Every structure is written in C-alpha cells, then in structure tokens.
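# Examining the three-dimensional arrangement
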There are 2 protein chains.
Amino acid sequence: MKPEERVLSANQQFYVALELLDLDAMDAVWLHEGWVTCVHPGWELLEGWEEVRESWRRIFENTQRMKVEISNVSVRVENSTAWVHCVEQVTSSFATGFSTAWVQATNLFVKRGEGWMMVHHHASPIPRDEDQTVQ
Amino acid sequence: MKPEERVLSANQQFYVALELLDLDAMDAVWLHEGWVTCVHPGWELLEGWEEVRESWRRIFENTQRMKVEISNVSVRVENSTAWVHCVEQVTSSFATGFSTAWVQATNLFVKRGEGWMMVHHHASPIPRDEDQTVQ
C-alpha cells in the first residue's frame, strides 16, 4: 500500500470515529502526546492530547447523532509527515434540534512505526447559503 | 540556529509580508509548487501557488493598511516538516472603513536546502465580543 493510501485510511478512521461518536476509536486515531493540537470551528487552539480528548468527549456527549460527508479530499506525504485537506458536510442532532454545516479541514499525521497518527486537526467554517439550523 | 528558530523566523517573514502588503516578500516566503494550499478565514481551500498568490494579490489590492499582532505562538519540527500555530489579531483598513478580527492560524513549512518554505496557511475566525467593524 502506498503511503498516501495509508494516510487516507487513517483520515477515514478519524471520520468513522467522529460519525460513531466513539471516543475509543478517536483514541486509536490520535498520537497521545503533549504537543498534539486541535482547532474546532470557531475555537482557539487546544494543546495536548488530554485537552484534545476532553473536547471530543464533550462534543460526543452533547451530540445525539452526527453524519459526516467528506469531499474535495487531497493528500500530501513529506517523509514521515503527511496532511489531508477535505471539506466536511456535518449534520448534527442535538437534544434541541439539528444543524448542517460545511467545514474546511486540515488533518496532519506523523508516521510512528508502520502507522500514521493524527497530530493536528484544524476545522474552520465555510459559510454557505444552504447553512441551516433548526431548533 | 536551531530548526525551531529558523521556522519561527520564516513564520515571522510571512507576517512581515502580510503587514507590508508586499507580494514580492510573499513570493519569497512560499514554495512555488502546484500542491501548496491556503485557507483564508471563511474560505474554501485554494490549491497551487498561482491560485494562492492571486488571493494574496487581491487581498493586498483591496486593503489600504494591515496591522497584525501575533500571540500564543507554538512550533513543532518533524524532520523536514514543521508547523507553527498562532493567534493573529488583524486590523485592516479598507476604502470604506476598518475592521479588527482574531484568527487562529496553522502555518506549515517544508525544508528545502537550508530554507524553510511555507506550503500551507490555514486561518480561521475566532469570534470575540470585542470584534468590531466600523464602516
């Protein structure tokens, strides 16, 4: 398998974890080090696996269901580092309603042994006319 | 000079180019390849140096002055790749007024020879109460 394919597979695992709201699956995707980082849409940087994990735990806790469709995927491998860009169409169900949002994501991975581990996720909102929140 | 210092210096050059609205300086910061990428706040991904450069040209053309203050800077070097996270406080003057915005940035660099070249810039808005636009 080419490195690009392995990276795209790791990227896919991230979105499976997200859609399943599965913290154990998220644990398996990320590198557990103090320097990993995450930017959720509209948030400031979170730093360190504990802080990043806690953010996913809270997001999962406050979401009933999440559907994520990925498009415009590109991947670049540079030695032991790789990054994926993609657009996420995220439909979330909460206790009070649901919302659909488009997000531009940068996902950064480093190679450890044979595996590619996520070390940074940067997601930013793409305003669209079709954006909607139903409460 | 440590690699981290060189990367932070390249990052600084990017913000000097931005503040000076200097396209030549921006040319010197970026790697000129078809796979470099850029996400401006609220934009979708731009791909390829030509498209990225054109976006800077237009932004500079439509801005009279720009003041950028950087804070919360962190850097990570992984072999021939490095990334910087920082918060940008951007005050822009246009023909019609000015605006101040806070932005969370991820800047990605690769090493070519002795130099660190920017290959990705991802900037996303951080909503703050103090955000203001005066028209």
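So, here is what we can say about the structure in this document. What you are looking at is a predicted structure, and each value in this text was computed from that prediction instead of being measured. (Residues numbered from 1 in each chain as written. Chains lettered and ligands numbered in written order. Predicted model: local features only at pLDDT ≥ 70, side-chain atom pairs only at ≥ 80, totals over all residues. Heavy atoms only, no water.)

## Thoughts on the relation of the copies chain A and chain B
With an axial shift of 0.0 Å and an RMSD of 0.0 Å, the rotation relating chain A to chain B amounts to 180°. Here the copies are linked by what is in effect a two-fold axis. Measuring from the rotation axis to each C-alpha of chain A, the shortest distance belongs to Ser 124 of chain A, at 2.7 Å. Both copies share a contact surface, since 100% of the interface residues of chain A are interface residues in chain B too. (Least-squares fit on C-alpha atoms with pLDDT ≥ 70 in both. Contact = heavy atoms within 4.5 Å.)

## Thoughts on unusual backbone geometry
All names here are of chain A. One non-glycine residue, Asn 72, adopts positive backbone phi at about 50°. Structurally, Asn 72 can be placed in strand 3 (residues 65-78). On the accessibility criterion, Asn 72 (54% relative accessible area) is exposed. Unusually for a residue other than glycine, Asn 79 sits at a positive phi of about 55°. Tracing the chain through its elements places Asn 79 in the loop between strand 3 and strand 4 (81-94). (Helix = DSSP H or I, 4+ residues; strand = E, 2+ residues; numbered from the N terminus. Buried < 20%, exposed > 50% of the residue type's maximum accessible area, 1.4 Å probe, protein only.)

## Some details on helix 1 (residues 3-20) of chain B
Residue and element names in this part refer to chain B. Taking 1.5 Å per residue as the helical rise, helix 1 with its 18 residues ought to reach 26 Å, and the 26 Å between its terminal C-alpha atoms agrees with that figure. Among the residues of helix 1, Val 7, Ala 10, Asn 11, Phe 14, Tyr 15, Ala 17 and Leu 18 are the ones counted as buried. The buried residues of helix 1 occupy an angular sector of 155° when the element is viewed end-on, so they sit on one face. The inward-facing, buried residues of helix 1 abut helix 2 (23-29), helix 3 (49-61), strand 3 (65-78), strand 4 (81-94), strand 5 (97-112) and strand 6 (115-125). Downstream of helix 1 by one or two residues, Leu 21 has phi in the positive range, about 55°. (Expected span 1.5 Å × (residues − 1). Arc of directions from axis to C-beta.)

## A few points about the packing of aromatic side chains
Under the criterion given, the structure shown has 10 aromatic pairs over all chains. Plain terms: the ring middles of Trp 83 of chain A and Trp 35 of chain B are 6.3 Å apart, the flat faces sit at 45° to each other, and that makes the pair tilted. You can see Trp 83 of chain A sitting in strand 4 and its partner Trp 35 of chain B sitting in the loop between helix 2 and strand 1 (37-39), one on each of two chains. With relative accessibility at 1%, the residue Trp 83 of chain A sits in the buried group. When the ring of Phe 14 of chain B is compared with that of Trp 56 of chain B, the centres are 5.7 Å apart and the planes differ by 70°; the resulting orientation is edge-to-face. Of this pair, Phe 14 of chain B sits in helix 1 while Trp 56 of chain B is found in helix 3, placing the two residues 42 residues apart along the sequence. (Phe/Tyr/Trp six-rings, centres within 6.5 Å; stacked < 30°, edge-to-face > 60°.)

Keep in mind these values describe shape, not function.
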